[in-house]
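An overview of the molecular structure
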Amino acid sequence: MEMMEKVHVVDHPLVQHKLCILRDERTGVKDFREVVSEIATLMCYEATRDLPLEDIEIKTPITTATFKTLAGKKLAIVPILRAGLGMVDGILTLIPSAKVGHIGLYRDPETLEPVEYYCKMPTDISERDVIILDPMLATGGSASAAIQFIKNYDVKHIKLMNIIAAPEGIERIRKEHPDVEIYCAAVDEKLNDHGYIVPGLGDAGDRIFGTK
Ligand code: PRP
Ligand code: URA
């Protein structure tokens, strides 16, 4: 399917199991928050699979040999506020030296269009590869705006990490930002009339922060 080009669905059993916990309406705020973070860590493992390596010589207690180590590519992660914040710690568990930018967007409930209210990026963002974090890709409006925003800083390589994506959101990102690779744990069926993902998990921000 052409739409699924550059879309990586992380179908690892642990991810799929944990996603069931998020979908369950009985899951409370503490568990929801913990599991979002755990899934982000597991997805990070996949999203960093193509990080460049370089040779390094190491003297083990037995001999000296050449091994592979990270080439030291600079990374930044950019959560879309609020819900993307829930994924930050999980990513930093694996990439503790990543810098963190923030972009505040909310969806206007009437128009479903993203409205920007905050932005703070690392000063050297243009030298870094960026992973944008948001648990939900629904219409794709928020993610598309965030990608464009970061492209305006002259960032060359951007990945988008979502936990659940709707086909509508994937299609929009494919069309508006064909260079961006998408990592998600599931592609759900559709959006409902209010722009919520079906079956989805409800409002990610509310469930992470216990609002509503
Ligand atoms: C949610 C979600 C995404 C956006 C997805 O945020 O976290 O950012 O909606 O929808 P879209 O793909 O149609 O743009 P929301 O606007 O509810 O803000 P919040 O994180 O502050 O709750
Ligand atoms: N934002 C959410 O938090 N959930 C959805 O299903 C859609 C947008």
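Our subject is the structure listed above.
Calculation criteria
Residues numbered from 1 in each chain as written. Chains lettered and ligands numbered in written order. Predicted model: local features only at pLDDT ≥ 70, side-chain atom pairs only at ≥ 80, totals over all residues. Heavy atoms only, no water. Phe/Tyr/Trp six-rings, centres within 6.5 Å; stacked < 30°, edge-to-face > 60°. Helix = DSSP H or I, 4+ residues; strand = E, 2+ residues; numbered from the N terminus. Buried < 20%, exposed > 50% of the residue type's maximum accessible area, 1.4 Å probe, protein only. Patch = residues over 30% accessible without salt bridge, like charges linked within 9 Å, V, L, I, M, F, W, Y side chains within 5 Å. Areas by Shrake-Rupley, 256 points an atom, 1.4 Å probe, with all protein chains shown as cover. Salt bridge = Lys/Arg side-chain N within 4 Å of Asp/Glu carboxyl O. Near = heavy atom within 4 Å. Polar contact = N/O pair within 3.5 Å; in protein donor to acceptor, adjacent residues only side chain to side chain. 1 Å grid on protein atoms, 1.4 Å probe; cavity = no way out; pocket = protein on both sides within 12 Å on 5 of 7 lines; lining within 4 Å. Sits in = over half its atoms within 2 Å of the grid points. Nonpolar A, V, L, I, M, F, W, Y, C, P; charged D, E, K, R; others polar.

Attention now moves to the packing of aromatic side chains. Tallied over the full model, the rule gives two aromatic pairs. Between Tyr-106 and Tyr-117, the ring centres sit 6.1 Å apart and the planes meet at 35°, which makes this aromatic pair tilted. On the criterion of sequence distance, the pair formed by Tyr-106 in strand E6 (residues 102-107) and Tyr-117 in strand E7 (residues 114-120) is long-range, its members being eleven residues apart. Here Tyr-106 falls in the partly exposed class, since its relative accessible area comes to 42%.

Moving on, we get to a nonpolar patch on the surface. Where nonpolar side chains cluster on the molecular surface, the patch consists of Ile-56, Ile-58 and Phe-67 and spans about 220 Å² of accessible area. Along the chain, Ile-58 falls in strand E2 (residues 53-59).

Inspection of the region around ligand 2 gives Arg-107, Met-136, Ala-138, Gly-195, Tyr-196, Ile-197, Gly-202, Asp-203 and Ala-204 as its neighbouring residues. In this structure, Ala-204 approaches ligand 2 through a main-chain N or O atom, which is 2.8 Å from an oxygen atom. Protein contact buries 88% of the 230 Å² of open area that ligand 2 shows by itself. Its atoms largely coinciding with the cavity grid, ligand 2 occupies the largest pocket. Here the residues of the shell around ligand 2 sort into five nonpolar, two polar and two charged.

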